[in-house]
Amino acid sequence: MSEQIFTQRQNNLKNKLAEMGVDGILLTNLTSIRYLCGFSGSAASCLITTDGSYFISDGRYDVQSKNQVKGLERFIDFGTHLSIIEKNNLIQNGLKLGFEGDHTSVSQFKAMQDVFSNVNWESTSMLMENLQAIKDQSELDAIRTAVEITDAIYEEIIPMLKVGTTEKDVAIQLVTRYRQESDGEAYPPIVAGGPNSALPHAVPGDRPFEKGDFIVIDAAAKISGYHADMTRTPVVGEATDKHREIYNTVKDAQQAGCDTAKAGMTCKEVDNVTRDYITEKGYGEYFNHGTGHGLGLEIHTEPRMSQLSTQTLETNNVVTIEPGIYLEGWGGVRIEDDVIIHEEGCEVLNKTTKELVVLT
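What counts, and at which threshold
Residues numbered from 1 in each chain as written. Predicted model: local features only at pLDDT ≥ 70, side-chain atom pairs only at ≥ 80, totals over all residues. Heavy atoms only, no water. Pairing = 2+ DSSP bridges. Helix = DSSP H or I, 4+ residues; strand = E, 2+ residues; numbered from the N terminus. Axes fitted to C-alpha atoms, helices over the stretch in contact; angles between N-to-C directions. Core = buried A, V, L, I, M, F, W, Y, C linked by side-chain atoms within 4.5 Å. Buried < 20%, exposed > 50% of the residue type's maximum accessible area, 1.4 Å probe, protein only. Contact = heavy atoms within 4.5 Å. Salt bridge = Lys/Arg side-chain N within 4 Å of Asp/Glu carboxyl O. Phe/Tyr/Trp six-rings, centres within 6.5 Å; stacked < 30°, edge-to-face > 60°.

Caption draft 1: Region of interest: the sheet that holds strand 8 (residues 215-219). Pairing in this open sheet of three strands is antiparallel, and the strands run 7-8-11 from one edge to the other. Since the sheet does not close on itself, it has two edges, and those belong to strand 7 (190-193) and strand 11 (230-232), each with one partner. Across the sheet, the axes of successive neighbouring strands diverge by a mean angle of 5°, strand direction being ignored. Pairing between strand 7 and strand 8: four bridges, direction antiparallel.

Below is the structure:
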């Protein structure tokens, strides 16, 4: 991504800080830092003040940060990040500075107070997450590419889905192909057959697929740090009336969510659409998670579509729509697409069929 993109993000943050009446912010969450300046390593802080914008890390990341960090002055040294900031006089006495309260431990906050006792520290919540929720074109392009790779690799593994193949066999192949074609797996794949498919976040095991199994496959690629997220649920061998009833209930609920989601709708309203449909069909108690979540540099981010949400969808949010039904001891179905929110609707990125696939 170009330096211009990161400069715009930094300016957006500075404008938001000015609205809040603070003089700057100390960022310690690595996702926030990657979004703001492009750094993808595992140890860094960023300090944004009225006097300057700084990146702080240690010698392990000297070369990497030189190549990745855009728009910030770098300080690479030994010691804690707070000591590096103090040593270089990057914070003036009397400033009112924000920090990421959702990502700062009590011990970290105490250290900040001890080292900079003349700073008025103000906790912020969801500041960076809300900025990241509205995607720019570079982010949309990365997610589109990740979804395209996800679709293609799902089609590749279809021949593996047969009696005798284990969940782990499929999960290992998915990870291998994602690492060959992208930055790697967006998250540990869920491959769950038969009774295991009733566990929304099942871990792939050694159980071989059997005739009549639903197989929940929740797996995806990532590009430039941006995650795709897709779930499909084929059935092995045969589909009974019960299979078709449950599958079609989820499919129709998921389609209703896709048909409804648009800018200006509350996230709870979208959740209501899928949840009410499944409830009307008699399976409401078996839909035990939210309808969807935001996607970006993290797999689960803002906004969240659930009964607890108070958020409203905005143009260029990227979210999942993924209702499910899970019957303990028998099996489950989840269907999930990634969508871009627009003013008059949403754009479904996934092209993999959502019709019931019976694998013979």
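Caption draft 2: Up close: the nonpolar core. Within the largest apolar cluster, 57 residues are counted, with the highest numbers of intra-cluster contacts made by L13, F55, L161, L174 and I217. Put simply, the parts of the chain that give this core at least two residues each are helix 1 (3-20), strand 1 (24-27), helix 2 (30-37), strand 2 (45-49), helix 6 (127-133), helix 7 (137-157), helix 8 (167-181) and strand 8. Considering every element that reaches this core, the biggest residue donor is helix 7, with nine residues.

Caption draft 3: Region of interest: the environment of G101. Along the chain, G101 falls in the loop between strand 5 (96-100) and helix 5 (106-115). Residue classification places G101 among the partly exposed residues on the basis of a relative accessible area of 27%. As for G101 and T28, which are separated by 73 residues in sequence, their C-alpha atoms are 10 Å apart. Aside from chain neighbours lying at most four places away, what touches G101 is S123 and T124.

Caption draft 4: The pattern of salt bridges, seen in detail. Taken as a whole and assessed by the stated rule, the structure comprises 23 salt bridges. Notably, a salt bridge pairs K110 with D114, separated by 3.1 Å at the nearest N-O pair. With K110 and D114 both in helix 5 and four residues apart, this pair spans about one turn of that helix. Taken together, the shared-partner salt bridges in this structure form one network comprising R9, D136 and E139.

Caption draft 5: Main features of the pairing of strand 8. Of all five residues in strand 8, five are buried; the element is thus mostly enclosed. Of the strand pairs in this sheet, strand 8 and strand 11 are connected by three bridges, and their pairing is antiparallel. Residue pairing in the sheet places A219 in a bridge with M230 of strand 11.

Caption draft 6: Representation of the packing of aromatic side chains within the structure. For the coordinates displayed, the defined rule picks out nine aromatic pairs. Between F39 and Y61, the aromatic rings sit 5.4 Å apart at their centres with planes inclined by 90°, giving edge-to-face as the arrangement. With F39 in the loop between helix 2 and strand 2 and Y61 in the loop between strand 3 (53-57) and helix 3 (62-68), this pair connects stretches of sequence that are 22 residues apart. What links up through ring pairs into an aromatic cluster is the set F99, F109, F116 and W121.

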